[in-house]
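Chain and residue survey
Residues per chain, in single letters:
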Amino acid sequence: AGDGDCGHTHARAARAIQEWVRTWPPPAAPAQLLSALADLLLEKMGGSSGVLYGLFLTAAARPLLNRNDLSMWADAMDAGIEAMQRYGGAAPGDRTMLDSLCAAAQALHALRSPDADLLPVLAAAVQSAEAAAEATRHMEAGAGRASYISSGQLLQPDPGAVAAAAVLRAVLEGLRS
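My aim in this report is to walk through the structure given alongside it, one point at a time. (Residues numbered from 1 in each chain as written. Predicted model: local features only at pLDDT ≥ 70, side-chain atom pairs only at ≥ 80, totals over all residues. Heavy atoms only, no water.)

**A few points about the packing of helix H2 (residues 30–44) against helix H3 (residues 47–61)**
Applied cut-off: Working convention: axes come from line fits to C-alpha atoms, limited for helices to the stretch in contact. Angles between N-to-C directions cover 0 to 180 degrees. Helix and strand assignments follow DSSP, with helices taken as H or I runs no shorter than four residues and strands as E runs no shorter than two, numbered in order from the N terminus. When an angle is under 35 degrees it counts as roughly parallel; over 145 it counts as roughly antiparallel; between 65 and 115 it counts as roughly perpendicular; any other value is oblique. The hand of a helix crossing depends on one turn: near helix anticlockwise from the far one by less than a right angle means left-handed, and clockwise means right-handed. By the convention used here, residues are in contact when the closest approach between their heavy atoms is within 4.5 Å. When residue character is reported, Ala, Val, Leu, Ile, Met, Phe, Trp, Tyr, Cys and Pro are called nonpolar, Asp, Glu, Lys and Arg charged, and the others, Gly included, polar.
Interaxial distance between H2 and H3 falls to 8 Å at its minimum, and their mutual angle equals 165°. Taken together, the axes of H2 and H3 lie roughly antiparallel to each other. The element H2 and its partner H3 pack so that their crossing is left-handed. Contacts between H2 and H3 involve Ala31, Leu34, Ser35, Leu37, Ala38, Leu41 and Leu42 from the former and Gly50, Val51, Tyr53, Gly54, Leu57, Thr58, Ala60 and Ala61 from the latter. Broken down by class, the residue content of the contact of H2 with H3 amounts to eleven nonpolar, four polar and no charged.

**Focus: the environment of Ala170**
For Ala170, the position within the fold is in helix H7 (residues 159–176). Between the C-alpha atom of Ala170 and that of Val126, which follows or precedes it by 44 residues, the distance is 9.4 Å.

**A look at the nonpolar core**
As a reminder of what qualifies: For our purposes a nonpolar core is just a set of buried Ala, Val, Leu, Ile, Met, Phe, Trp, Tyr and Cys residues, chained together by side-chain atoms within 4.5 Å. Whether a residue is buried, partly exposed or exposed follows from its accessible area with a 1.4 Å probe, protein chains only, as a fraction of its type maximum: under 20%, in between, or over 50%, in that order.
In terms of nonpolar packing, the biggest core is built from 43 residues, with Phe56, Met77, Ile81 and Leu101 touching the most fellow members. Secondary structure elements with two or more residues in this core: helix H1 (6–23), H2, H3, helix H4 (71–88), helix H5 (97–108), helix H6 (118–135) and H7. Among the elements that make up this core, the one with the highest residue count is H5 (eight residues). Discounting residues that sit within four places of it in the chain, Leu101 has contacts with Phe56, Met77, Ile81, Met84, Ala164 and Leu168.

**A short note on H5**
We apply this condition: Here a helix's expected span is defined as the number of its residues, less one, multiplied by 1.5 Å.
Its twelve residues give H5 an end-to-end C-alpha distance of 17 Å, which sits within 8% of 16 Å, the value for a rise of 1.5 Å per residue. The inward-facing, buried residues of H5 abut H3, H4, H6 and H7.

**Observations regarding unusual backbone geometry**
Phi at Asn66 takes a positive value of approximately 55°, unusual for a residue other than glycine. Assignment of secondary structure puts Asn66 in the loop between H3 and H4. If you check the backbone angles, Arg95 has positive phi at about 70° while not being a glycine. Positionally, Arg95 belongs in the loop between H4 and H5. A residue is classified by how much of its surface remains accessible, and Arg95, at 1% relative accessible area, is buried.

In structure tokens:
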């Protein structure tokens, strides 16, 4: 769907992150980490995805400043999504990466509970994101490049939604190892 560059831009981002991690130690503070990732993706990823992830991560970094509790990650996700919606113009249900991210955000709200356990909550968020990505297969595209294509030709899940779910899966697997 769209212009067919989603896989290429995400692969370019993954290679840039791998090179960055090999070259420099990532910042330990969460806000600085997300800000640095935003800058890296804005510079190296390309495509509309690079801009959208840059906006997302820049906004997500703000709630992480001077905080050290699990609920900050739910607030960060919400802030990132809000920025992506404001500047990107898409909304949940438009068959975009927002469908996966919003589903994950709903699950991450469980981090606001005082007895929250990060890995099970993140695992639930990943499962929600993956299910939402698959559900885009049956949606009409309301935004993004796919909105220029006849819905009869959109037979696969939205690539951006699938990629966003895969990014969340990679974060989960990284934290588990």
